[in-house]
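Each chain, written out:
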Amino acid sequence: MDELILFVNGKKVSVKNPDPETTLLQWIRNNLQLKGTKVGCGEGGCGACTVMVTHFDHKENNYKHLSVNACLAPLCSMHGVAVTTVEGIGNVKNGLHPVQERLAKSHGSQCGFCTPGFVMSMYSLLCNDPQPSEAAIEEAFEGNLCRCTGYRPILEGFRTFTETKSGTDSAYCLSESQNGQKDFLCARGKNKGKVCNGICEKEREKLSGNLVNVEEFMPLSKDIHLPQPFKELEEVAAGCEKQSLVFKSERMTWYRPTSLDELITLKNKHPISKIVIGNTEIGVEIKFKNMHYPVIIAATHVAELNAVQYLDNGIRIGASVTLEKLEKVLKNAINSMEESKMRFFAAIVEMLRWFAGPQIRNVAAIGGNIVTASPISDLNPLFLSAGCMLTLASISGGRRTVNMDDGFFTGYRKTKIKPDEILVYIHLPFTAENEYFYGYKQSQRREDDIAIVNAGMRVLFEKDSIIIKDMTLSYGGMAPFTVMATKTTNELKGRKWDDELVTKASQLLAKELPLLPGTPGGMEAYRCSLTTSFFFKFYVSVRLLLEKKMASLFHQGDHLLSEKYQSASRTHHREPSRGVQVFEDAPQGQIMVDAVGRPLPHVSAVKQVTGEALFVDDMPVFKDEYYLSLVVSTKAHARIVNVDPSEALKMPGVVDYVSWKDIPGENKSGCIVSDEKVFAVDLVTSQGMIIGAILADNQSHAQRAAKAVKVEYEELKPIITIEDAIAANSYLMPPKTVKSGDVATALAKSDHVIEGQLHIGGQEHFYLETQATLAVPKDGGGEMEVFSSSQDTAYLQKAVADVLGMDCNKIMTRVKRLGGGFGGKQSRFVLLALPVAVAAHKHNRPVRCMLDRDEDMIMTGTRHPYLAKYKAGFTNEGKIEAVEIDFYQNSGYSRDLSVNVMERSLVHVDNAYRIPNIRVTGHLCLTNTPSNTAFRGFGQPQAMLTCEHIMTDIIQTVKLSPLMVRELNMLKEGDKTYYNQTIENWTGRRCWDDVIKQSDYKNRKLQVDEFNRNNRWLKRGISVIPVKYGVGFEVPVLNQSSALAHVFLDGSVLIAFGGVEMGQGLNTKMIQVASRALEIPTSKIYVSESNSSQSANASPTAGSVGSDLNGMAVMYACETLMSRLEPYIKSNPGGTWESWVNSAYMDMISLSAIGFYHTPDLGYDWESNSGLLFAYYSSGAACSEVEIDCLTGDHMVLRTDIVMDVGKSLNPAIDIGQIEGAFLQGYGLFTLEEIKYSPNGYLYSRGPGAYKIPSIGNIPIEFNVTLLKEAPNLKAVYSSKGIGEPPLSLSTSVFFAIKEAIGAARMEAGLEGRFSLDSPATAERIRMACVDEFTKQHPEPNPGSFTPWSVKF
């Protein structure tokens, strides 16, 4: 059969001869023009492409609703199913679905790019369980990533579908006590009315308003909002299930057999074919590893491979059974059978809990896990240790049984299975009464992450004994394939399960499973330590169980039996998240049409939750449009010897190869200095540097051809790291210094002087929408319209004009919205925009390109890595006398914004403290890596972490209270900074005092200390950190903005300004500002887009001043209009807005106005260290408590409390969302996200599979945010403050809480005093800092004695 039949959003669709290489995502976006489902990563790692797939199971007579990654699902696999996209459940015109409505009204959508994926994950969950638990909701989102919100509002909105409705079970209460001081008074329970720590036991006393009014939500109706019986689907599915399919294209043939005999025959005919179920492995290989498989066989509809059979000695699972079904089968068995038989099954279920996300588990099969033979498969170590039996079938050999034993995996991605054989079944055995089984996994991130090391561990004892009869230990991540530690287990057989066993096993494992320095994957010492740490966990877990049964066989005095040591056996468990948000209501008496200060939802939220909000790549395709794909350097530093596109130009659909020769203007770019090439000519200085581009009729043809362009290089020695640059004396410019006081004298007189250094890694922006551009020539090529994912329409306009040799007035740049920016689209968008513009100009046709995630990550740069070398002098009380710091910044291959980033670092190293004598020097290292660029915080996070690292060293040296030392050094009103700016209207101390009180820090610190005394292998830490952030551009000329306001005759208002909406709620706030200035409802006001023809010479939307600058400009424009309307209002006070507008029009009064604003008095001189650098400061404080697993390096944030000064908030919901999102992004920077390069400049971390941003499981279990009350800021629009960047660095509270917990572990091991912890504080760094008998077995090799797999970036 050559026809594919499926249903999409309830409509039957027939596809003739579908292309086997086409994914479901490509088809629904390109063929059906359903653009709500987004392209986020292409590898099933972000969830932006989530759709629901429904099929009817005739055997069980019910519908199966599954969330699926459309980017991996082949279109050909959709035969006989129903696909539901975000457009299919609700829209703006006909009404929203409750899922969409609740997410929009709960402020759970910021940039909106990830939103449709979350909507469809939640919808799929509700289709299976209309009233899920809180835990089920969080689990449903483990395959969805969001870079904006911090996840809390998403969970809050969807938690209303649970029985409990809300997860908030503690709250702040604020009241006035009789003495006039603000105290926290308990509002509920037995302590009602008494002064408390700010947390109520039951619920919030609603002294501040709610961000969300849940009473407004429409109820979920099963009859209306969830799928109903679909007879036509049942009928079509019945026919489709029995049909064998064959679909062919030029390059691939897709088979879908329906019987085992047919499958075996096909495999015999095509022995090198690939068998797929969910395509989760093959899809990634095809997309990112350039693999081509001419024959694909889908084994999804072979009954025998989908069968589950209960046997006397276990369960037989068909190879095509999905992991989702496997989990249900095993859970049912666990709940219905005796515990002793289920221990292996329980280990599998626990491992599946951390296996990918639901979208992958729903389609990936157990057989695929085995035959792909990944060395880090989560299940294969379990299967090996259990000795699972496989049933194989082929024409040549018939059926045979193979044991998964030490010889099953024969090499990297190789097994005993022959090329023509089919895996039919896997037999999962029951365990015996005296048999115990556990599985372990350690990864960078707990949820949806591949393993660093994993293990399956089994022990069988002699009857009624603690003597080992048999044991199997299997490990992934320790070799090119899953290995069994057979030498170790053979040695341990016959031994007692006692303390001596741990020592012996550790020695044996270290000998049997060594990793040589430079082993692929790196982290050699850490990985080796995990093998023994896992065994120790296994030992303690089993021993505790044995003691319950046979306590008399053990020595009672053994320290391992104490409650303190039992913490080694605890598994990861996290309660559903909860939290409270406290803000200041709009004052009583504020007129209703005045929206300022009200928590209005994002103005585009409704469009975003329905998928109707358009991003660049969602725009309709022009009929004569070309698609562009870049040809980029694969070398970090090399001369280009030859470029040969001849083979590419012969490929189907290819139109042209574009290079530097096609540029009519200048082949250079740069936002400050034009030191970059648009297209490389004869030299590349970084991997990912653009050499040329292929133009073709569609994306697939263009990308395929771009990979066929041959580039010949002469390689040169690259400089990758800061240390490389220092050694090579490779710098962008001479160092820059800021100094104050006499550092040398102060250091000499100090009671203590310490020295140290800190490495701070870079951070990938990971905006969900990658860089995208659409260039459209106009008027015969004399003009050009450019749609780009850019934070700076003016720079985009100027850069395009220069490269095309045209005037700016002929280039119109337009930005509707961005799917996240965070600084990554402030300047680096030109890398893509300029080649697209050149190609469009050359062919006088529209040209489009959206980068794939891996392309974006290898090209566009990151947050700057830093190396800080410091010296500090201080008194016995911890008072800082002098600090000297040298910052070394990895700038990349060009200047970009690196100088400006360094300048902010140089003036933020004091954080919230007074440092009387200081010298800070910045060195900008020139390396052969992509040019690093702006990122939220813009150099301040690196400086602040350095400051607090020094402060922690001081505290550890003087051995005094962290609160006492920090407060001793804290800035006060009227103090001067070391760059001579006076601290005015300072609220930092108020934030600090409030967060200490609200978090109940002092009592909790005692509880943390008590916990640490009682637990050896789990440790906790708690830390309070302040923040001071100077708001404004350091370049004074950028602190300006203009706005345009039009009033139309129907009374509606259009406002335009230079700021770009990228999820931060700028358009929403500007509408609120206009509503106050014009005294009209927000429903009458609209913002269309950012457009260079409406707002010329706009400053970039950055620096946390988007609302400050544009808000004042909008306010001035609206005030000008009101001044023109004032005579009509006075003459007709009973009239309406519309009548006043029409009267003014009839009198020929202009109903359009321009507002212009620039921040006054700014101007700092770096040479003289004088002048005003910032308009004002934003301040805040955070308290975080963490728990670490000393044996693995895992950590969990138990609670975070934040108090932030945002002035008089323009929109509390948006500001709180910015705080939470910034905090979690900073959490990723300081604990999780690690960029990895090879020594020759190859980027390993080029997608969500290898680079981990925080997921929903990383948010603090309790997350409380308070906006400081009664803190107006007279230097910004309506007394507000900038909020985008300042809260990010509050996440350092997590970093230093982790460091405190590590310190407690080190103290237990007899190590006291200062120790170094670089950022990010990954699991590896945490574990190796918790020095113990296991880590001591695996010392780090000496640098320089080997070539490392990766370098510290």
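Above this note sits the structure.
Note that the structure is a prediction, hence the values are computed from the model and not measured. (Residues numbered from 1 in each chain as written. Predicted model: local features only at pLDDT ≥ 70, side-chain atom pairs only at ≥ 80, totals over all residues. Heavy atoms only, no water.)

Another aspect to go through is the overall build of the chain. Along the backbone of the chain there are 36 helices and 51 strands. Here the C-alpha atoms of the chain give a radius of gyration of 31 Å, agreeing with the 34 Å that 2.2 N^0.38 yields for 1353 residues. The buried share of the chain, taken over its 1353 residues, is 64%. Partitioning the intrachain contacts of the chain with sequence separation of at least 6 by distance along the chain shows that 77% fall at a separation of at least 24. Within the structure as shown, the chain displays about 47600 Å² of accessible surface, and the carbon and sulfur contribution to it stands at 51%. (Helix = DSSP H or I, 4+ residues; strand = E, 2+ residues; numbered from the N terminus. Rg over C-alpha atoms; globule rule 2.2 N^0.38 Å. Buried < 20%, exposed > 50% of the residue type's maximum accessible area, 1.4 Å probe, protein only. Contact = heavy atoms within 4.5 Å. Areas by Shrake-Rupley, 256 points an atom, 1.4 Å probe, with all protein chains shown as cover.)

With that settled, the discussion passes to the pattern of salt bridges. Scanning all chains against the criterion turns up 75 salt bridges. The salt bridge involving Glu 156 is made with Arg 159; its shortest N-O contact spans 2.7 Å. Highlighted residues: Glu 156 and Arg 159, both in helix 5 (residues 152–159), separated by 3 residues, approximately one helical turn. Judged by relative accessible area, which is 16%, Glu 156 ranks as buried. Overall, Arg 159 belongs to the buried group, its relative accessible area being 3%. In the salt-bridge network here, residues are joined through shared partners; they are Arg 29, Lys 38, Asp 617, Asp 618, Glu 625 and Arg 848. (Salt bridge = Lys/Arg side-chain N within 4 Å of Asp/Glu carboxyl O.)

Of note, the bond from Ser 1319 into Pro 1320 is cis; its omega dihedral lies within 30 degrees of zero at 5°. If you trace the backbone, Pro 1320 turns up in the loop between helix 35 (1292–1308) and helix 36 (1323–1329). Residue Met 523 is not a glycine yet carries a positive backbone phi of 50°. Mapped onto the elements of the fold, Met 523 is located in the loop between helix 16 (499–512) and helix 17 (524–550). Look at Asp 896: it is not a glycine, yet its phi comes out positive at around 45°. With respect to the helices, strands and loops of the structure, Asp 896 is situated in the loop between strand 37 (880–892) and helix 26 (898–906).

What follows deals with the nonpolar core. One recurring pattern in soluble globular proteins: nonpolar side chains tend to sit buried together. Grouped together as the largest cluster of nonpolar side chains are 315 residues, with contacts concentrated most on Tyr 475, Trp 497, Phe 535, Leu 628, Phe 887, Ile 1055 and Trp 1137. With 14 residues, the single largest contributor to this core is helix 17. Leave out the neighbours within four places in its chain, and Trp 497 touches Val 459, Phe 461, Ile 466, Ile 468, Met 471, Phe 535, Phe 538, Tyr 539, Val 542, Arg 543, Leu 546 and Phe 554. One finds Val 81, Met 252, Val 329 and Leu 423 within the second-largest nonpolar core, a separate group that totals 91 residues. (Core = buried A, V, L, I, M, F, W, Y, C linked by side-chain atoms within 4.5 Å.)

Mapped onto the elements, Val 800 comes out in helix 23 (residues 793–804). Remark: the alpha-carbon pair of Val 800 and Val 838, spanning 38 residues in sequence, is separated by 8.4 Å. Setting aside residues no more than four positions away along its own chain, Val 800 makes contact with Met 784, Val 786, Ile 811, Leu 834 and Ala 837.

All chains considered together, the criterion is met by 37 aromatic pairs. Ring geometry for Tyr 438 versus Phe 538: centroids 6.0 Å apart, planes at 70°, classification edge-to-face. With Tyr 438 in strand 19 (residues 435–443) and Phe 538 in helix 17, this residue pair connects regions lying 100 residues apart in the sequence. Taken together, a centroid distance of 4.7 Å and an interplanar angle of 55° make the contact between Tyr 1237 and Phe 1353 tilted. In this pair, Tyr 1237 sits in strand 49 (residues 1236–1237) while Phe 1353 sits in the segment after strand 51 (1351–1352), placing the two residues 116 residues apart along the sequence. Of the two residues, Tyr 1237 and Phe 1353, both sit in the buried class. Members of the aromatic cluster, connected to one another through ring pairs, are Tyr 436, Tyr 438, Tyr 440, Phe 461, Trp 497, Phe 534, Phe 535, Phe 538 and Tyr 539. (Phe/Tyr/Trp six-rings, centres within 6.5 Å; stacked < 30°, edge-to-face > 60°.)

On to helix 8 (residues 260–269). Within helix 8, burial applies to Leu 260, Leu 263, Ile 264, Leu 266 and Lys 267. The buried residues of helix 8 occupy an angular sector of 160° when projected down its axis, which confines them to one face. Of the residues in helix 8, the exposed ones pointing more than 90 degrees away from the buried face are Asp 261 and Lys 269. Considering only its buried residues, helix 8 is in contact with strand 9 (253–256), strand 10 (274–276), strand 11 (295–298), strand 14 (389–394), strand 15 (398–403) and strand 18 (422–429). (Arc of directions from axis to C-beta.)

This part is about the sheet that holds strand 47 (residues 1176–1189). Taken together, 5 strands build an open sheet; the order of strands is 23-50-48-47-39 and the sheet is mixed. On the outer flanks of this sheet lie strand 23 (581–582) and strand 39 (1018–1031), each paired with one strand and no other. Sheet topology note: the strand 47/strand 48 (residues 1195–1204) ladder contains 9 bridges and is antiparallel. Counterpart to Ala 1181 in the pairing with strand 48 is Val 1203. (Pairing = 2+ DSSP bridges.)

On to the packing of helix 10 (residues 323–336) against helix 11 (residues 343–352), then. Between two packed helices, both the angle of their axes relative to each other and the distance between the axes serve to describe the pair. At a minimum axis distance of 9 Å, the contact between helix 10 and helix 11 shows a crossing angle of 140°. Considering their axes alone, helix 10 and helix 11 lie oblique with respect to each other. By crossing handedness, the relation of helix 10 to helix 11 is classed as left-handed. The residues of helix 11 that touch helix 10, namely those facing Leu 323, Leu 326, Glu 327, Leu 330, Lys 331, Ala 333 and Ile 334, are Phe 345, Ala 346, Ile 348, Val 349 and Leu 352. Considering only residue class, the contact of helix 10 with helix 11 consists of 10 nonpolar, no polar and 2 charged. (Axes fitted to C-alpha atoms, helices over the stretch in contact; angles between N-to-C directions. Parallel < 35°, antiparallel > 145°, perpendicular 65-115°, else oblique. Left-handed = near helix turned anticlockwise from the far one by under 90°. Nonpolar A, V, L, I, M, F, W, Y, C, P; charged D, E, K, R; others polar.)

Only one face of strand 8 (residues 245–248) is buried, namely the one carrying Leu 245 and Phe 247, since none of Val 246 and Lys 248 on the opposite face is buried. Inspection of the sheet shows strand 8 paired to strand 9 by 4 bridges, in the antiparallel sense. By the bridge assignment for strand 9, Phe 247 is matched with Trp 254. In textbook terms, the turn of a hairpin is the stretch between consecutive antiparallel strands, and for strand 8 and strand 9 this stretch comprises 4 residues.

Note: α-helices contain 3.6 residues per turn, so residues at a spacing of three or four share the same orientation. Within helix 11, 8 of the 10 residues are buried, which leaves it mostly tucked inside the rest of the structure. Of all the residues in helix 11, the buried ones are Arg 343, Phe 344, Phe 345, Ala 347, Ile 348, Val 349, Met 351 and Leu 352.

A word on the environment of Thr 258. Structurally, Thr 258 is set in the loop between strand 9 and helix 8. In this structure the C-alpha to C-alpha distance between Thr 258 and Thr 685, which are 427 residues apart in sequence, comes to 53 Å. Setting aside anything within four residues of it in sequence, one finds Thr 258 in contact with Glu 241, Lys 242, Gln 243, Ser 244, His 301 and Val 302. There is a polar contact of 3.4 Å between the side chain of Thr 258 and the side chain of Ser 244. (Polar contact = N/O pair within 3.5 Å; in protein donor to acceptor, adjacent residues only side chain to side chain.)

Here we take up the side chain of Glu 285. Note that Glu 285 resides in helix 9 (residues 282–288). Beyond its immediate sequence surroundings of up to four residues, Glu 285 is in contact with Asn 290, Met 291 and Tyr 293.

In this section: a nonpolar patch on the surface. A contiguous nonpolar patch, built from Leu 1049, Tyr 1145 and Met 1146 and spanning about 330 Å² of accessible area, is present on the exposed surface. Its place among the elements puts Tyr 1145 in helix 33 (residues 1137–1146). Owing to a relative accessible area of 44%, Tyr 1145 belongs among the partly exposed residues under this scheme. (Patch = residues over 30% accessible without salt bridge, like charges linked within 9 Å, V, L, I, M, F, W, Y side chains within 5 Å.)

Here 5 strands make up an open sheet; going across it, the order is 2-1-5-3-4 and the pairing mixed. The sheet is open, and its two borders are formed by strand 2 (11–16) and strand 4 (62–69), each paired with just one other strand. Between one strand and the next, the sheet's axes are offset by a mean angle of 30°, whatever the strand orientation. Sheet topology note: the strand 3 (residues 50–57)/strand 5 (residues 82–84) ladder contains 3 bridges and is antiparallel. Counted as the bridge partner of Thr 54 is Ala 82 from strand 5.

So, to be careful, I would describe these as geometric facts and stop short of saying anything about function.
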